[in-house]
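# Notes for the structure review
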Amino acid sequence: MPYGLKINPEGALDFVSVGALVHRLDPGIIPFRKASECRIHVSGGEFNVAANLADCFRLRTAVATAMVDYPIGDLIAERVRAMGVKPFYKRFKHNGVNGPNMATVYSDRGWGARAPVVFYNRSNEAAAQLKAGDFDWSAIFSGGVRWFHSGGIFAALSATTGDVIIEAMQAAKAAGAVVSFDLNYRAKLWDVWGGHGRALEVIGRIAENVDVLVGNEEDLQMGLGIPGPDVAKKSKLDPSVFLGMIDHVVKKYPKVKVVATTLREVHSTNHHSWSAVAWIDGATYTAPTAELEVYDRVGGGDGFASGFFYGLLAGEEPEEAVKLGWAHGALLTTFPGDTTMATVEQVRAFARGGSARIQR
């Protein structure tokens, strides 16, 4: 089996994810306290990967999620259609006053020495109300599915969303899909209802079903309880700490065959050094380092994950799969919004060494 994974050669759906859809208000480089107008981006880590794989990499993808029947929901659903993602919605009625709601993310882009500022309104969020049994996974997967994905932000939304993920993963496994999970540990979300102890319990149960993990050293420590050094003291581009934790990961979760992450050194809001590393079935692969001029950094990690997953689904050599993820994540930072505007041809050209200045 390539990469230690059994990847179905075909299926009605190449990729399915479950997660929360959100809309992000973006005033550009103007801080919100001085903003007079905003752009609206549709996002959500699990959706972003599905959207990128459909729009850039031309795969057949779907997302299972909550949808509220009100104008914000209509706006979000239109963007889902535009990206070519098939939706499976659990629908909620808005009461006209306080929800349920589609979550709002507020994020300016910062500039130079001024970092972006991100905050949320996830009050009475519809996706947090999702529970096991809300989706008919046997019907969703009935035509065959190759890859299933979810992430730690959705797991952190409520006491029931982790069970939704586990139910879906088990059904996906039964259908023969590879299962991936982006750890994306967010302490502020867990602290609202469960704290770190509950996070370790929920994410630990999820990880027992996972073949492919995405997450950095801090995610491994905080989300899975994997021991490691103080990550703040290490270079952001040095993969040694991350790789030194892999033995602990696979010992604790022996089904995991792939662990990958981006490596990013932030010099200023608009200048990043960018790389990536993956442990694939016992071997290590590292992308080059590119010096990026960043327009909008949001979504770069999901951009990496989608390009990397595409490489694995396409049967590329492991090193090439890592480069495709690295290249797509880099290109995504040059566009406004959270999802891709790149073509697969542009991604492959960048992966071969084009466009940005690359240190080899």
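Here goes a summary of the coordinates provided. Predicted, not measured: the structure shown is a model, and the values here were computed from it. (Residues numbered from 1 in each chain as written. Predicted model: local features only at pLDDT ≥ 70, side-chain atom pairs only at ≥ 80, totals over all residues. Heavy atoms only, no water.)

## Digging into the nonpolar core
Membership of the largest hydrophobic core comes to 117 residues, with the highest contact counts inside it found for Val-18, Trp-147, Phe-148, Phe-181 and Phe-308. Aside from chain neighbours lying at most four places away, what touches Val-18 is Glu-46, Ala-64, Phe-135, Trp-137, Phe-148, His-149, Ser-150, Phe-154, Val-164, Ile-165 and Ala-168. (Core = buried A, V, L, I, M, F, W, Y, C linked by side-chain atoms within 4.5 Å. Buried < 20%, exposed > 50% of the residue type's maximum accessible area, 1.4 Å probe, protein only. Contact = heavy atoms within 4.5 Å.)

## Overview of helix 2 (residues 71-82)
Here helix 2 is 12 residues long and its end C-alpha atoms lie 17 Å apart, about the 16 Å a rise of 1.5 Å per residue gives. For helix 2, the set of buried residues is Gly-73, Ile-76, Ala-77 and Val-80. Looking down the long axis of helix 2, one finds its buried residues gathered within 100° of arc, a one-sided arrangement. Exposed residues pointing more than 90 degrees away from the buried face of helix 2 are listed as Pro-71 and Ala-82. Structurally, helix 2 contributes buried residues whose contacts are with strand 2 (22-26), strand 3 (39-43), helix 1 (45-55), strand 4 (61-69) and strand 5 (85-93). Phi turns positive one or two residues past the end of helix 2, at Gly-84, with a value near 85°. (Helix = DSSP H or I, 4+ residues; strand = E, 2+ residues; numbered from the N terminus. Expected span 1.5 Å × (residues − 1). Arc of directions from axis to C-beta.)

## Side note on the sheet that holds strand 2
Taken in spatial order, the four strands of this open sheet run 3-2-6-7, and their pairing is mixed. What marks the edges here is a single partner per strand, and that holds for strand 3 and strand 7 (118-121). The sheet shows a mean angle of 25° between the axes of neighbouring strands, taken without regard to direction. With four bridges joining them, strand 2 and strand 6 (residues 103-107) adopt parallel strand pairing. For Arg-24, the partnering residue across the bridge sits in strand 6 and is Val-105. Seen against the sheet, helix 2 touches strand 2 and strand 3 and runs at an angle of roughly 65° to strand 3. (Pairing = 2+ DSSP bridges. Axes fitted to C-alpha atoms, helices over the stretch in contact; angles between N-to-C directions.)

## Considerations on the pairing of strand 9 (residues 178-182)
Burial of strand 9 is extensive: five of the five residues sit out of reach of the surface. Of the two faces of strand 9, the one holding Val-178, Ser-180 and Asp-182 and the one holding Val-179 and Phe-181 are both buried throughout.

## Observations concerning the environment of Leu-213
Among the structural elements, Leu-213 can be located in strand 10 (residues 212-214). For Leu-213, a relative accessible area of 0% gives the class buried. When the C-alpha positions of Leu-213 and Ala-305 are compared, they lie 9.9 Å apart, and in sequence the two are 92 residues distant. Beyond its immediate sequence surroundings of up to four residues, Leu-213 is in contact with Phe-181, Leu-183, Leu-224, Val-249, Val-256, Val-258, Val-259 and Ala-260.

## Describing the packing of aromatic side chains
With the rule as written, the count across this model stands at 14 aromatic pairs. With a centroid separation of 4.9 Å and an interplanar angle of 10°, the aromatic rings of Tyr-106 and Phe-119 are classed as stacked. Here Tyr-106, found in strand 6, pairs with Phe-119, found in strand 7; they are 13 residues apart in sequence, far enough to count as distant. Given a relative accessible area of 36%, Phe-119 falls into the partly exposed group. A connected cluster of aromatic rings, assembled from ring pairs, spans Phe-15, Trp-147, Phe-304, Phe-308 and Phe-309. Its end group placed over the ring of Tyr-295, Arg-109 keeps NZ or CZ at 4.2 Å from the ring centre. (Phe/Tyr/Trp six-rings, centres within 6.5 Å; stacked < 30°, edge-to-face > 60°. Lys NZ or Arg CZ within 6 Å of the ring centre and 35° of its normal.)

## Digging into the environment of Phe-304
Relative to the assigned elements, Phe-304 resides in helix 11 (residues 300-313). Not counting residues up to four positions away in its chain, the partners in contact with Phe-304 are Ala-260, Thr-261, Thr-262, Trp-274, Ala-276, Val-322, Gly-325, Trp-326 and Gly-329.

## A short note on the packing of helix 1 against helix 11
With their axes 9 Å apart at the nearest point, helix 1 and helix 11 run at an angle of 50° to one another. Between helix 1 and helix 11, the crossing angle belongs to the class labelled oblique. Note that helix 1 runs across helix 11; the crossing there is right-handed. Side by side, helix 1 and helix 11 meet where Gly-45, Asn-48, Val-49, Asn-52 and Leu-53 of the first sit next to Asp-302, Gly-303, Ala-305, Ser-306, Phe-309 and Tyr-310 of the second. (Parallel < 35°, antiparallel > 145°, perpendicular 65-115°, else oblique. Left-handed = near helix turned anticlockwise from the far one by under 90°.)

## Considering the packing of helix 11 against helix 12 (residues 318-332)
The interhelical angle for the contact between helix 11 and helix 12, taken along N-to-C directions, is 150°, at an axis separation of 7 Å. Taken together, helix 11 and helix 12 sit at an angle that is classed as roughly antiparallel. Our pair here, helix 11 against helix 12, has a crossing hand that is right-handed. Contacts between helix 11 and helix 12 involve Gly-300, Gly-303, Phe-304, Ser-306, Gly-307, Phe-308, Tyr-310, Gly-311 and Leu-312 from the former and Ala-321, Val-322, Leu-324, Gly-325, Trp-326, His-328, Gly-329 and Leu-332 from the latter. Of the residues that constitute the contact of helix 11 with helix 12, the class distribution is nine nonpolar, eight polar and no charged. (Nonpolar A, V, L, I, M, F, W, Y, C, P; charged D, E, K, R; others polar.)

## Thoughts on empty space enclosed by the protein
Inspection of the entire model under this criterion finds one cavity of 30 Å³ or more. Counted as a void, the largest cavity has a volume near 50 Å³. Contributing to the lining of the largest cavity are Gly-45, Glu-46, His-149, Ser-150, Gly-151, Ile-153, Asp-182, Asn-184 and Asp-302. Of all the secondary-structure elements, those providing two or more residues to the lining of the largest cavity are helix 1 and strand 8 (147-151). Among the elements that make up the lining of the largest cavity, the one with the highest residue count is strand 8 (three residues). Grouping the constituent residues of the lining of the largest cavity by class yields one nonpolar, five polar and three charged. (1 Å grid on protein atoms, 1.4 Å probe; cavity = no way out; pocket = protein on both sides within 12 Å on 5 of 7 lines; lining within 4 Å. Points joined across faces, edges and corners; volume = space filled by probe spheres on them.)

## What about the side chain of Ser-180?
Within the fold, Ser-180 resides in strand 9. A distance of 2.8 Å separates a polar atom in the side chain of Ser-180 from a polar atom in the side chain of Trp-147. The residues contacting Ser-180, other than those within four sequence positions of it, are Trp-147, Phe-148, His-149, Ser-150, Met-169, Val-210, Val-212 and Phe-309. (Polar contact = N/O pair within 3.5 Å; in protein donor to acceptor, adjacent residues only side chain to side chain.)

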